[in-house]
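Structure at a glance
Take a look at the letters that make up each chain.
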Number of protein chains: 2
Amino acid sequence: MNAEIIAVGSELLTPFRQDTNSLYLTEKLNQLGVEVLFKNIVGDSREHLAEVTRIALARAGLVILMGGLGPTEDDLTREAVADALELPLVRDEAIVEALRKRFSKRGFKFTENNSKQADIISGATVLTNRNGTAPGQWITGSYDGNEKTIILLPGPPHELKPLFEEQCLERLREHLPPAFIASRVLKVAMLGESHCDDRIAPIYRRYPNVQTTILAYAGEIEIHLRARADSLEVAQQRVDKVAEKLEDELDEYVFSRQGESLEQIVGYYLQMRNATVAVAESCTGGLIGERITSVSGSSRYFLGGAMVYSNELKHKFADVPKALIAAHGAVSRQVAAALAEGIRKRCGATWGLAVTGVAGPSGGTEEKPVGLVFHALSNGESTEVVERKFPGDRERVRWWASQQALDMLRRKMM
Amino acid sequence: MNAEIIAVGSELLTPFRQDTNSLYLTEKLNQLGVEVLFKNIVGDSREHLAEVTRIALARAGLVILMGGLGPTEDDLTREAVADALELPLVRDEAIVEALRKRFSKRGFKFTENNSKQADIISGATVLTNRNGTAPGQWITGSYDGNEKTIILLPGPPHELKPLFEEQCLERLREHLPPAFIASRVLKVAMLGESHCDDRIAPIYRRYPNVQTTILAYAGEIEIHLRARADSLEVAQQRVDKVAEKLEDELDEYVFSRQGESLEQIVGYYLQMRNATVAVAESCTGGLIGERITSVSGSSRYFLGGAMVYSNELKHKFADVPKALIAAHGAVSRQVAAALAEGIRKRCGATWGLAVTGVAGPSGGTEEKPVGLVFHALSNGESTEVVERKFPGDRERVRWWASQQALDMLRRKMM
């Protein structure tokens with residue numbers, strides 16, 4: 001079956017708000033073997049909504065509308081879908097009663113406009129919303145001679161998601177031929193997108209029954225694999241086979257096999273080896289520490305460190321000799337190495353990780369241009385320094401630098 | 001005039017990729033007085049694209065398609081729009097020649113599939129793309145008896161944006177009645193959304209000719225004001241009048257009047273007062289430093305600081321007495337104050353800013369639950385401590401804590 005999604009709300013037609021529910025819904029639908037063919041974003045106009053619903057019913061077997069189920073005058077999804085289906089709305093007094101109780105229990109005044117949330121399209125199944133006042137609705141019936149299913153869902157994600165999972169997934173599965181779909185995500189660090197694709201395209205192209213999607217971010221590539229088969233075992237085998245071959249090809253560039261983040265993987269390795277890390281950050285200004293500590297439980301392996309933005313503090317917090325900075329400049333291989341070793345010693349950590357560079361947009365010179373970053377990793381016995389020249393703006397340079405630093409640590413512990 | 005936007009690409013119908021270009025386009029169109037009535041997301045199917053284009057032409061005066069102009073077999077926007085308009089595609093040999101030159105200049109091999117990027121819909125104006133190979137196209141003509149404009153834009157944002165600004169804005173303005181639209185953004189820190197709206201709704205409701213949009217984020221609210229009038233002066237006056245009244249009501253909660261970020265505002269104040277800041281971060285792990293240094297030129301007022309995740313480092317880097325930690329615990333009013341004063345002294349800064357708390361999800365106790373954070377600000381003479389209990393998950397608690405800390409510093413310098 002194919003699906004069409006309609007996101008409802010005039011705020012979604014402003015420059016400020018984005019429909020994000022449809023990404024969640026698409027994932028759930030794909031897992032059932034349903035493909036999304038069209039997405040629509042429509043304002044709070046009964047006429048527009050009815051028109052878009054009619055068009056969607058003509059071309060998709062499953063139509064899902066999100067939003068516009070609340071109590072205000074702008075909430076017109078029920079009315080519009082009833083128009084499109086040429087069915088009446090019937091007020092369900094039991095729902096009105098439940099709403100009254102809900103309000104009084106919470107000490108709120110029940111105002112009459114709330115009753116419209118109990119207007120049910122004739123023949124629809126009510127989908128109870130345990131996180132909000134507006135219930136969803138499910139209609140399966142004949143439209144232009146074909147069986148169609150229409151689902152009305154509330155817009156707020158914390159209402160939509162549990163409602164869909166608890167009341168729609170099983171119902172949908174009953175309407176669909178059994179689908180067995182397996183998926184895997186590989187993540188790759190610090191490899192160019194086209195270089196990565198050059199290496200893996202000859203492999204994944206040999207397996208047309210595994211759908212491969214490549215998503216590139218700064219310093220990170222995600223390879224999504226998905227396969228469909230007559231049983232989950234066969235689907236999983238297909239996906240795993242391609243994943244294995246891609247891992248063989250990309251080898252140590254692959255850092256995650258089950259969707260974990262780089263921060264998580266670094267944390268796993270540190271814990272596994274009973275090791276700790278301390279950081280000294282110049283141009284990243286705290287980003288590496290922030291990323292490491294975004295993982296719950298990171299206090300087990302992250303001791304802390306210093307943001308050494310000024311030269312004075314490079315000396316004070318990481319014991320970098322002032323003469324070294326004077327001789328080579330703060331952005332240099334030598335200072336990076338001294339920072340890594342200095343912060344390691346000061347904090348008593350297994351590993352010292354340091355970054356110094358020119359994040360831009362100002363501050364670059366011919367010799368030391370914007371984007372030049374030195375990354376250093378020390379364990380007391382030896383210190384490795386990696387020099388990189390990153391493209392992009394300040395935010396991107398800083399992100400790349402944090403990614404390179406975390407990846408150095410990961411590789412040393414592999 | 002009303003507009004309809006069509007985002008093209010099968011990747012936009014997966015759970016992984018989102019159309020973001022339309023937010024940018026909507027902002028630009030709104031500034032010209034054009035409202036967006038529908039947005040569509042369609043895969044790389046010639047038939048689907050032609051159908052959606054026909055529907056859009058029937059209901060909007062301006063139809064903008066984004067994406068699907070590249071050289072691959074999946075790039076079918078040109079063909080589909082030609083189908084919808086029943087116009088032929090004509091290959092422009094001058095463009096092919098320019099593409100050949102572009103490729104050879106960069107040392108790339110020109111493959112024949114690239115030529116299709118020179119296929120122009122009969123009668124279209126070519127919109128040169130200086131950041132990519134696929135030119136845009138502009139068609140104005142009669143469709144079903146009404147004048148319509150169709151614009152084809154390349155999908156990558158770094159191609160789309162300059163092309164639209166350099167080659168479409170002026171052309172559009174010529175097609176439109178003069179529109180004078182003024183806008184303002186006020187930003188508010190650390191005030192609840194409903195509390196904020198309770199205070200300002202009675203004001204902005206009195207000015208229906210100024211459109212007010214309220215967007216709430218963690219610890220920050222944006223109030224967008226927009227007005228239309230017969231002259232820019234009148235539009236600006238309308239917006240400024242409402243802005244002024246809202247500022248009077250919200251007073252010191254308003255931190256930004258021209259869209260600046262909290263980090264930028266803190267930076268302005270520090271520079272204005274010739275002051276510097278140093279930070280000691282426990283539960284935020286570097287986030288405050290990262291935010292301050294996200295602003296270019298922050299080295300003028302940010303010295304650095306320490307990530308004091310372990311108790312040991314709270315002592316080592318910020319001179320917090322070990323006995324104080326033993327007596328009150330690391331998450332306490334006393335330790336927060338000692339951190340702020342200690343880091344200020346160590347770094348020789350005007351201000352010392354510190355945070356210690358329980359970010360969760362683990363580590364909470366009855367006495368010190370998840371979300372409890374102490375924020376401290378010291379100038380050597382006095383130290384202010386703010387205790388808060390933030391809602392939400394680890395990421396949210398950390399973000400709130402950084403927001404509270406930056407806002408304390410802002411308020412002290414107001």
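The structure reproduced in this document is the subject of the present report.

About the criteria used
- All residue numbers here refer to positions counted from 1 along the written sequence of the relevant chain.
- Working convention: letters from A go to chains and numbers from 1 go to ligands, in the order in which they are written.
- A pLDDT threshold of at least 70 governs which residues receive local features in this predicted model, and a stricter bar of 80 or more applies before side-chain atom pairs are shown or counted, although totals over entire chains, interfaces and linings include all residues.
- The secondary structure listing takes helices from DSSP runs of H or I that are at least 4 residues long and strands from runs of E that are at least 2 residues long, numbered from the N terminus.
- With C-alpha atoms as the basis for the radius of gyration, the globule rule is written as 2.2 Å multiplied by the number of residues raised to the power 0.38.
- In this scheme the burial state of a residue depends on its C-beta neighbours within 10 Å: 20 or more other such atoms mean buried, 12 or fewer mean exposed, and anything in between means partly exposed; the C-beta positions come from the backbone.
- Residue pairs are scored as contacts if the distance between their C-beta atoms, which are placed from the backbone, is within 7 Å.
- Any residue that is not Ala, Val, Leu, Ile, Met, Phe, Trp, Tyr, Cys, Pro, Asp, Glu, Lys or Arg is counted as polar, Gly included; the first ten are nonpolar and the last four charged.
- Strands are labelled as partners when DSSP assigns at least two bridges between them.
- A residue counts toward the fit only if its pLDDT is at least 70 in both copies, and the copies are then superposed by least squares on the C-alpha atoms of those residues.
- Angular values range over 0 to 180 degrees, each being the angle between N-to-C directions of two axes fitted as lines to C-alpha atoms, with helices fitted over their stretch in contact.
- Crossings are classed by handedness, with left-handed meaning an anticlockwise turn of the near helix from the far one by less than a right angle and right-handed meaning a clockwise turn.

Here we come to the overall build of chain A. Each helix and strand in chain A was counted, giving 14 helices and 17 strands. In terms of C-alpha radius of gyration, chain A reaches 28 Å, well past the compact-globule figure of 22 Å for 414 residues. In chain A, which comprises 414 residues, the share counted as buried stands at 46%. Partitioning the intrachain contacts of chain A with sequence separation of at least 6 by distance along the chain shows that 66% fall at a separation of at least 24.

It is worth spelling out helix 9 (residues 262-272) of chain A at this point. Burial in helix 9 of chain A covers these residues: L262, I265, V266, G267 and L270 of chain A. Those residues of helix 9 of chain A hidden inside the fold are in contact with strand 9 (180-189), strand 12 (254-256), strand 13 (277-281), helix 10 (287-292) and helix 14 (394-413) of chain A.

Facing 52 residues of chain B, the contacting portion of chain A comprises 52 residues. Among the residues forming the side of chain B that touches chain A, the class breakdown is 24 nonpolar, 21 polar and 7 charged. Summarising the sheet, strand 14 (residues 302-307) of chain A and strand 14 (residues 302-307) of chain B pair through 3 bridges and their orientation is antiparallel. Each bridged residue has a counterpart across the sheet, and for A306 of chain A the counterpart in strand 14 of chain B is A306 of chain B.

Moving on: the relation of the copies chain B and chain A. Least-squares fitting of chain B to chain A yields an RMSD of 0.6 Å, with the transformation described by 0.6 Å of translation along the axis and a rotation of 180°. Here the transformation between the copies is reduced to the relation of a two-fold axis. Interface overlap between copies is the fraction of interface residues in one copy that are interface residues in the other; for chain B against chain A it reaches 100%, indicating a shared surface.

Residues and elements named next belong to chain A. Both strand 9 and strand 11 (residues 220-229) contribute to a ladder of 10 bridges, which runs antiparallel. For A182, the partnering residue across the bridge sits in strand 11 and is A227. Direction of pairing for strand 9 relative to strand 12: antiparallel, over a ladder of 2 bridges. Opposite V188, over in strand 12, you have V254 as the bridge partner.

Residue and element names in this part refer to chain A. Here 4 strands make up an open sheet; going across it, the order is 10-11-9-12 and the pairing antiparallel. Each edge of the open sheet carries a strand with a single partner, namely strand 10 (210-217) and strand 12. Each neighbouring strand pair of the sheet contributes to a mean axis angle of 30°, computed without reference to strand direction. Packed onto the sheet, helix 8 (residues 232-250) meets strand 9, strand 10, strand 11 and strand 12 and runs at close to 15° relative to strand 9.

Glancing now at unusual backbone geometry. Cis peptide bonds are those with omega within 30 degrees of zero, and the linkage from G360 of chain A to P361 of chain A qualifies with 0°. For D319 of chain B, which is not glycine, the phi dihedral falls at a positive 55°. Within the secondary structure, D319 of chain B sits in the loop between helix 11 (311-318) and helix 12 (322-328). Overall, the presence of 14 C-beta atoms within 10 Å leaves D319 of chain B in the partly exposed class.

This part covers the packing of helix 9 of chain A against helix 14 of chain A. Residue and element names in this part refer to chain A. The N-to-C vectors of helix 9 and helix 14 enclose an angle of 35°; their axes lie 10 Å apart at closest approach. The crossing of helix 9 and helix 14 is left-handed. Each of L262, E263, I265, V266 and Y269 in helix 9 lies in contact with helix 14, whose residues at this interface are Q403, L406, D407, L409, R410 and M413. Residues that form the contact of helix 9 with helix 14 fall into these classes: 7 nonpolar, 1 polar and 3 charged.

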